[in-house]
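The primary structure of each chain is shown beneath.
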Amino acid sequence: MKRNLLLLLLMIGLATESKAQYKPIEQGSGLKFTIKNLGFDVDGAFSGFDGNINFDPQNIANSSFDVSINASSVNTDNSLRDEHLRGESYFDVKNFPKIRLVSGKVAVLNKSGMYQLTGVLTIKGKAKQVSFPFSATPAADGYVFKGGFKINRKDFRIGGVSTIADELEVDISVIAKKG
């Protein structure tokens, strides 16, 4: 019995050890967005990545992403606009300091090195399902993940009635290292 228990514990330890665990790193990572305001493109970015990424291209079904960014890091190269965006009618960073993405499913796409993430994006406490393709390129001691998607800002109660467009594009590039 002791031998079977020891064998079981060893197998669990090996299974846990083989799970590829990565952490997003700030340097070189970025989340950028583009939205139209009065017909002109306005670009912005967020920083302050945190979370856990379990990624194994040999076992995609067990891969998962749970990452967040610091909502107060919003940067459009206009300090007055950025302060306004941190306010209650936009990102309400005082009450909702993080924007979070948690995968529900990661799958292989037909293209080499391309995958599909389906998960839940939470902004201002409002959760919506998103699905988008991404690439995973091996890098020193980790991966570079790149993907993009479109969302409707009103789905997350961002901006109310405004001169900005409802839809915005999000581009993500995350460098993740073994953690």
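Heads up: the structure comes first, above all this text.
The sections below set out a description of the structure shown in this document. Every residue gets a number counted from 1 within its own chain, in the order that chain's sequence is written. Residues qualify for local features only when their pLDDT is at least 70, as the model is predicted, and side-chain atom pairs are given and counted only at 80 or more; totals for whole chains, interfaces and linings, by contrast, use all residues. Computation of side-chain values: all heavy atoms of the structure, hydrogens and water removed.

**Examining the overall build of the protein chain**
- Secondary structure elements follow DSSP: runs of H or I no shorter than four residues count as helices, runs of E no shorter than two count as strands, and numbering proceeds from the N terminus. A count of helices and strands for the protein chain gives 2 helices and 8 strands.
- We call a residue buried when its accessible area falls under 20% of the maximum for its residue type, exposed when it is over 50%, and partly exposed in between, using a 1.4 Å probe and counting protein chains only. Expressed as a percentage of the 179 residues in the protein chain, the buried residues total 37%.
- When contacts within the protein chain are restricted to residue pairs at least 6 apart in sequence, those whose partners lie at least 24 apart make up 54%.
- We get accessible surface area from the Shrake-Rupley algorithm with a probe of 1.4 Å; when it comes to residues, only the shown protein chains can shield them. When the accessible area of the protein chain is evaluated, it comes to approximately 10800 Å², of which 54% is carbon and sulfur surface. Contact between two residues is taken to exist if any of their heavy atoms lie within 4.5 Å; hydrogens are not considered.

**Comments concerning the pattern of salt bridges**
- Throughout this description, the term salt bridge denotes a Lys or Arg side-chain nitrogen within 4 Å of a carboxyl oxygen of Asp or Glu. Scanning the model with the defined rule gives 6 salt bridges in all.
- Asp 41 is the salt-bridge partner of Lys 36, the closest N and O atoms lying 2.8 Å from each other.
- A relative accessible area of 41% means that Lys 36 is categorised as partly exposed.
- Of the charged contacts, one joins Arg 153 and Asp 166 as a salt bridge, the two residues approaching to 3.4 Å between their closest N and O atoms. On the criterion of sequence distance, the pair formed by Arg 153 in the loop between β7 (142-152) and β8 (164-178) and Asp 166 in strand β8 is long-range, its members being 13 residues apart.
- Within this structure, Arg 153, Lys 154 and Asp 166 form a network of salt bridges that share partners.

**Describing the pairing of strand β2 (residues 40-54)**
- Where strand β1 (residues 21-37) meets β2, 9 bridges bridge the pair, whose relative direction is antiparallel. The partner of Phe 33 across the bridge, within β2, is Gly 44.
- Taken together, the 7 bridges between β2 and strand β3 (residues 64-75) define a ladder with antiparallel strand orientation. Paired with Gly 51 across the bridge in β3 is Val 67. Any two strands are treated as partners once DSSP identifies two or more bridges connecting them.

**Description of the side chain of Ser 73**
- Turning to its location among the elements, Ser 73 is positioned in strand β3.
- Given a relative accessible area of 17%, Ser 73 falls into the buried group.
- Polar contacts, as counted here, are pairs of nitrogen or oxygen atoms within 3.5 Å of one another; within protein the pair requires one atom able to donate a hydrogen and one able to accept it, and residues that are adjacent in sequence qualify only if both atoms are side-chain atoms. In terms of polar contacts, Ser 73 uses its side chain to reach the backbone amide nitrogen of Ser 47, at 2.8 Å.
- The residues contacting Ser 73, other than those within four sequence positions of it, are Ala 45, Phe 46, Ser 47 and Arg 86.

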